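Architecture at a glance
What follows is each chain in one-letter form.
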Amino acid sequence: MKLIALIFSLSIIISTKGFPQKNISLVTYTYKVKDTIHLDLHIYYPAKLKRNATIPAVIFFFGGGWVNGNTGQFTSHCKFLAENGIAGITAEYRIKNKHNTSPQDAISDAKSAMRWLKSNADGIQIDKNRIVAGGGSAGGHLAACTATLDGFNDPNDNINIDPKPAGLILFNPVLNTIGFKDRFGGEEEIRKTSPVFHISESTPPTLIFHGTEDTVEPPSTILEFQKIMIAEGNTCEVILFGGEKHAFFNKGRKEDRPFHQTLVLMKQFLIEENFIAE
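Described in the following lines is the structure provided in the data block. (Residues numbered from 1 in each chain as written. Predicted model: local features only at pLDDT ≥ 70, side-chain atom pairs only at ≥ 80, totals over all residues. Heavy atoms only, no water.)

To continue, consider the overall build of the chain. Counting its secondary structure elements, the chain contains 8 helices and 9 strands. Computed over C-alpha atoms, the radius of gyration of the chain comes to 17 Å, within 12% of the 19 Å expected from 2.2 N^0.38 for 278 residues, which places it in the range of a compact globule. Projected onto its principal axes, the C-alpha coordinates of the chain cover approximately 50 × 45 × 35 Å. Evaluated residue by residue, the chain yields a buried proportion of 56% over its 278 residues. A total of about 12,000 Å² of accessible surface is found on the chain, and carbon and sulfur atoms cover 48% of it. Put simply, the chain has 29 plus and 29 minus side-chain charges, and the middle of one group is 6 Å from the middle of the other. (Helix = DSSP H or I, 4+ residues; strand = E, 2+ residues; numbered from the N terminus. Rg over C-alpha atoms; globule rule 2.2 N^0.38 Å. Buried < 20%, exposed > 50% of the residue type's maximum accessible area, 1.4 Å probe, protein only. Areas by Shrake-Rupley, 256 points an atom, 1.4 Å probe, with all protein chains shown as cover. Lys, Arg positive; Asp, Glu negative; His and termini not counted. Charge placed at Lys NZ, Arg CZ, Asp CG, Glu CD.)

Approximately 160 Å³ is the volume attributed to the largest pocket. Along the wall of the largest pocket there are 11 residues; nearest its centre are Asn-23, Pro-46, Ala-47, Lys-48 and Ala-82. The residue makeup of the lining of the largest pocket, split by class, is 6 nonpolar, 2 polar and 3 charged. (1 Å grid on protein atoms, 1.4 Å probe; cavity = no way out; pocket = protein on both sides within 12 Å on 5 of 7 lines; lining within 4 Å. Points joined across faces, edges and corners; volume = space filled by probe spheres on them. Nonpolar A, V, L, I, M, F, W, Y, C, P; charged D, E, K, R; others polar.)

Mapped onto the fold, Arg-94 is located in the loop between strand E5 (87-91) and helix H2 (96-99). Polar side-chain contacts of Arg-94 include one of 3.5 Å to the backbone oxygen of Asp-105. At a separation of 2.9 Å, a polar atom in the side chain of Arg-94 contacts the side chain of Asp-109. Setting aside its immediate chain neighbours within four residues, Arg-94 contacts Lys-32, Lys-34, Ile-37, Leu-39, His-99, Thr-101, Asp-105, Ala-106, Ser-108 and Asp-109. (Polar contact = N/O pair within 3.5 Å; in protein donor to acceptor, adjacent residues only side chain to side chain. Contact = heavy atoms within 4.5 Å.)

Moving on to unusual backbone geometry. In this structure, Asp-35 is a non-glycine residue whose phi angle is positive, near 60°. With respect to the helices, strands and loops of the structure, Asp-35 is situated in the loop between strand E2 (24-34) and strand E3 (37-46). Assessed through its relative accessible area of 73%, Asp-35 is described here as exposed. At Phe-152, a position not held by glycine, the phi torsion is positive, near 60°.

Below, the discussion takes up the environment of Ala-113. Here Ala-113 shows up in helix H3 (residues 103-119). Of the residues examined, Ala-113 reaches a relative accessible area of 0% and is grouped as buried. For Ala-113 and Pro-258, which are 145 residues apart along the polypeptide, the C-alpha to C-alpha distance reads 28 Å. With near-sequence residues (within four places) excluded, Ala-113 lies in contact with Tyr-31, Leu-41, Ile-59 and Phe-61.

Let us look at H3. For an α-helix, 3.6 residues make a turn, and residues three or four places apart therefore share a direction. The terminal C-alpha atoms of H3 lie 24 Å apart, and with 17 residues this matches the ideal 24 Å at 1.5 Å per residue to within 8%. Of all 17 residues in H3, 15 are buried; the element is thus mostly enclosed. (Expected span 1.5 Å × (residues − 1).)

Glancing now at the pairing of E5. Taking burial as the measure, the 5 residues of E5 include 5 buried ones, the bulk of the element. Here E5 shows a buried face lined by Ala-87, Ile-89 and Ala-91 and a second buried face lined by Gly-88 and Thr-90. Relative to E5, E3 runs antiparallel, the two being bridged by 4 bridges. For Tyr-44, the partnering residue across the bridge sits in E5 and is Gly-88. (Pairing = 2+ DSSP bridges.)

Any functional reading would require information beyond the geometric quantities listed.
Right, here's the structure in full:
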């Protein structure tokens, strides 16, 4: 069990071996069709993957308040992972501005994506027991939901397949939806849709990056999540970036320094949790 709560200085320079990315193979699969909506997974593989090999994977859900956003937010993360021998996956899901859907629909899609990956893992060279879920902001919420919430299952899904990932990598995630009760349909939905209220002893090892000046999801909520995780006997590493606001980790911010630093720390976590070799 590991407890880390750090103020991370952006002046520190970290080696970013494995970046930039080259020699990567991209394959797209449709994991869900809802009415006329096709939802895809974009999988970035290491180019020299052996024919019969299976590898770990990280699936990323983009941010945007369950309203907008796109998979491009995590494309560079996926390419970085592919350079380091692990499949990186970006997941489409339904959002309000494009599909006129609710956050609860997005939760259902995230769980469907995890179930599709596990049920098709052998055919797409993914180790179904080593799939990590990640995401930023609303996408971090969706990733956490796949690990914590029992409800919000698509009626067409095989509910005998557990959508729970083997780990979580969350970038300023929403873990308590109290600040978005209008989007979720009222007060009664908050507890149902907030991962912080559904942690158990089986919640997987988690890494969280967060800014100390984040006003979308207060750092206090992140630390409360960590406190409960530790109390349940789980691993939860929280890395706080001093002075940083929401979405600080995105590529293009501060000459990409936070972006590169979170990449390296993500890789370190995956090594520590035995998803990839050092």
